[in-house]
2 protein chains.
Amino acid sequence: MIGIDDVAASLGVSTATVSRALRGLPGVSEETRARVTTAAAALGYVPSSAARGLATGRTMAMGVLVPAINRWYFSAVLDGVDRRLRAAGYDLIVFSLGGSGANRERVFHRSILRKRIDALLVMCMHLTEEERLALQELEYPSISVGGALEGVRHVGIDDARAAADAVEYLISLGHTRIAHMRGGGSFDIDFEVPRLREQAFRRTMQLHGLAVREEWSAFGDFRFTTARVAALTLLADPTDRPTAVFCSSDEMAFGVLRAAAELGIDVPGELSVIGIDDHEFAEPMGLTTIRQDPEDQGAFAADLLLGELTRGAAADYPPSRPHALVERASTGRIGS
Amino acid sequence: MIGIDDVAASLGVSTATVSRALRGLPGVSEETRARVTTAAAALGYVPSSAARGLATGRTMAMGVLVPAINRWYFSAVLDGVDRRLRAAGYDLIVFSLGGSGANRERVFHRSILRKRIDALLVMCMHLTEEERLALQELEYPSISVGGALEGVRHVGIDDARAAADAVEYLISLGHTRIAHMRGGGSFDIDFEVPRLREQAFRRTMQLHGLAVREEWSAFGDFRFTTARVAALTLLADPTDRPTAVFCSSDEMAFGVLRAAAELGIDVPGELSVIGIDDHEFAEPMGLTTIRQDPEDQGAFAADLLLGELTRGAAADYPPSRPHALVERASTGRIGS
DNA sequence: ATGAAAGCGCTAACAC
DNA sequence: GTGTTAGCGCTTTCAT
């Protein structure tokens, strides 16, 4: 392992000069800087991040806490975060808490709190009271994405508004028999988002004087498979079934679409389906949906954190990220 | 920031004792250990990973280099890796190289080579010659997952065999007019895997005396959208179209399925479709496919690396991870 | 513009 | 069983 003093020795200068030269600090003649740069490259010198971290107190790494990596929303946010971090020269440390209750403690104490990262982004995690408090006492900046966390800044869409927009769109098409395919419930995953959307669904229905039938509030767990099964039941009776389904995620909407196809129900002729997300498959599937942009959300949150790290103070920002209705072929006017 | 000597001072013992006690090393009386543990917890002491890293030369972190995070295969492998890493007390640092050519250099030099990680896992990345050589000269263990890399150990399925199995299955059903929906081509992503599968397709066809029509080797880029568009062309002519499509990924198979539905082609009556992956959506979609298990592959590779880190030497392991045909409703005997 | 030297917070010999 | 001390490889005053 070749270190900074090897470079210094090879040139007959001090380590301080090498350090300054390589980091572009002033106080080094251009000639010296050039020589140092060349020598460092020639020797294949690469500074040790541990040593630098110890000396500066900064790790140049940011942590992201997620319930799982392989879900559409989470991985998309991660991509957005990563893009920004890389540009800023930061590394991305991912803590996935998928199910394993036993390891949570470890993650929290060993990594989150351990000065291994300069900032933390928490994504849609359901934390225990104790964990939440630990977060708030962190000495580095933190933020939550996708699901709000009490006492922590938040980046995400206005879930209530987004859900209401979806339901109102269905109503504007003349639908009155509207079902909701709900998400949430899975271990560790935040339950604020599904709750907000469910509430908004009910409130919007109520606002328009429409009845909410309890058996039409189906549980799809944000997933294709679960939603398909639930929809198979929901849509089973041709004489008494909803004419529209509002799905709290696109994946669930795909499940409903699939179930409809299996049951020979024409979409959008006999059934309208709307989702939330604008998943990669939504456009080719012709799914009407409320678009959100997780990559943008991740990038935005990362920027906020990075800004705070550099500029010192936390910046102000709008309360929510945008969402928008995208009309496609899965919804239609009632009776057309 | 409370450090090890604060704990030591609070107890009137030496830092060495605290260090030993907290790490469970021998040479500490159980009584002392208990007192230290208590005091550390009370003070909220958390060791600095930078300091420990500097002193031990180990970072307790593993790096994973991926072309992108938000693709089914990549994120699933990541989840598998993460699970094992967490159990071993290691952190996961993700380097996503999504498109940004400018940042590759940075990633390589700043992070990969910078003693920030104890081991590296490279996933399906297409590396330049120079990068490959840099990898091989790394002083820590490395491995590739999903796409082989010259000079680096590899974990993944036998792609040629998997593709051949899929094609042979179609042939066993009586199909002779078989098309291939190919993957690959995207920036940065490994092109070995798509090539192996394409070759296997052609060889298997040939082996059975079947003709490969060039216009029936369509490019789907491993994605739903691209594959759907390609399939719309591929299947356009009712008088001259394939009776079966072998898709190099499930996502592309979904695209073909979608195109078939749009064109009013009955599956499996008029068209059989088979994929590779066993994507989460494959079962609910009734897609016949060759299953592989990316989580297992990630976990397996992580274990290999971790084992090497602890036991010192590299372990032997079978040349490929398993794959298996899963028969579902998207394939059928010709003319039935 | 450059150098000397004192840490950063821990681990690991080596003493006792 | 426990303490002392010398690093680990950088950054950062403070001199010059």
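Chain A appears in an unreviewed UniProt entry as LacI family transcriptional regulator from Arthrobacter echini.

*Asks:* What should I look at first to understand helix α2 (residues 15–22) of chain A in this one?
*Replies:* Owing to its 3.6 residues per turn, the α-helix aligns residues three or four sequence positions apart on the same side. Residue and element names in this part refer to chain A. Considered for burial, the residues of α2 that qualify are Thr 17, Val 18, Ser 19 and Ala 21. The elements touched by buried residues of α2 are α1 (4–11) and α3 (30–43). Downstream of α2 by one or two residues, Gly 24 has phi in the positive range, about 70 degrees.

*Asks:* Quick question: what am I supposed to make of the packing of α1(A) against α2(A) here?
*Replies:* Helices that pack against each other are described as a pair by the angle of their axes relative to one another and the distance between those axes. Residues and elements named next belong to chain A. Relative orientation of the contacting elements α1 and α2 amounts to 105 degrees, with a least axis distance of 8 Å. When the axis of α1 is compared with that of α2, the two are roughly perpendicular. Contacts from Ile 4, Asp 5, Val 7 and Ala 8 of α1 reach α2 at Thr 15, Val 18 and Ser 19. When grouped by side-chain class, the residues that make up the contact of α1 with α2 number 4 nonpolar, 2 polar and 1 charged.

*Asks:* Please explain the interface of chain A and chain B as it appears in this structure.
*Replies:* By a frequent convention, interface size equals the accessible area lost on bringing the separate parts together. With 60 residues of chain A at the interface, the matching set in chain B holds 59 residues. Counting the surface lost from both chain A and chain B, the interface buries some 4900 Å², and carbon and sulfur atoms represent 51% of this. On the surface where chain A and chain B come into contact, there are 4 salt bridges. A salt bridge links A:Glu280 to B:Arg223, with the shortest nitrogen-to-oxygen separation between them at 3.7 Å. The interface formed by chain A and chain B includes 18 residue pairs in polar contact (both at pLDDT 80 or more).

*Asks:* Help me understand the domain arrangement of chain A, please; the structure alone is not making it clear to me.
*Replies:* What the domain assignment lists for chain A is domain 1 (4–47), domain 2 (61–155 + 305–311) and domain 3 (159–293). Placing the centre of domain 1 of chain A and that of domain 3 of chain A at their C-alpha centroids yields a distance of 61 Å.

*Asks:* I keep staring at the protein's contact with DNA strand D and nothing clicks. Help me out?
*Replies:* DNA strand D sits among 25 residues. The nearest are A:Ile4, A:Ser19, A:Arg52, B:Thr17 and B:Thr32. Interatomic distance of 2.7 Å between a side-chain N/O atom of B:Thr17 and a phosphate oxygen of DNA strand D. Separating a base oxygen of DNA strand D from a backbone N or O atom of B:Ala55 is a distance of 3.4 Å. Every element with two or more residues in the surface near DNA strand D is listed here: α2 and α4 (49–56) of chain A together with α2 (15–23) and α4 (49–56) of chain B. With 4 residues, α4(A) is the single largest residue contributor to the surface near DNA strand D.

*Asks:* Explain the pairing of strand β6 (residues 178–182) of chain A here, please?
*Replies:* Consecutive side chains along a regular strand alternate between the two faces of the sheet. Residues and elements named next belong to chain A. Within β6, 4 of the 5 residues are buried, which leaves the element mostly enclosed by the surrounding structure. As judged from the 4 bridges shared by β6 and strand β8 (residues 244–247), these two strands associate in the parallel manner. Looking across to β8, one finds that His 180 is bridged to Phe 246. Bridge count between β6 and strand β7 (residues 217–219): 3 bridges; the pairing is parallel. Counted as the bridge partner of His 180 is Ser 217 from β7.

*Asks:* Would you take a moment to explain the nonpolar core for this structure?
*Replies:* Grouped burial of nonpolar side chains is what soluble globular proteins tend to show. Grouped together as the largest cluster of nonpolar side chains are 60 residues, with contacts concentrated most on A:Met123 and B:Met123. Setting aside residues no more than four positions away along its own chain, A:Met123 makes contact with A:Val64, A:Leu65, A:Val66, A:Pro67, A:Tyr73, A:Phe74, A:Val77, A:Leu78 and A:Val145. Membership of the second largest hydrophobic core comes to 56 residues, among which are A:Phe222, A:Val245, A:Val256 and B:Cys247.

Cut-offs used in this document
Residues numbered from 1 in each chain as written. Chains lettered and ligands numbered in written order. Predicted model: local features only at pLDDT ≥ 70, side-chain atom pairs only at ≥ 80, totals over all residues. Heavy atoms only, no water. Buried < 20%, exposed > 50% of the residue type's maximum accessible area, 1.4 Å probe, protein only. Helix = DSSP H or I, 4+ residues; strand = E, 2+ residues; numbered from the N terminus. Contact = heavy atoms within 4.5 Å. Axes fitted to C-alpha atoms, helices over the stretch in contact; angles between N-to-C directions. Parallel < 35°, antiparallel > 145°, perpendicular 65-115°, else oblique. Nonpolar A, V, L, I, M, F, W, Y, C, P; charged D, E, K, R; others polar. Buried area = accessible area lost by both parts, 1.4 Å probe. Salt bridge = Lys/Arg side-chain N within 4 Å of Asp/Glu carboxyl O. Polar contact = N/O pair within 3.5 Å; in protein donor to acceptor, adjacent residues only side chain to side chain. Domains from an automatic or database assignment. Near = heavy atom within 4 Å. Pairing = 2+ DSSP bridges. Core = buried A, V, L, I, M, F, W, Y, C linked by side-chain atoms within 4.5 Å.

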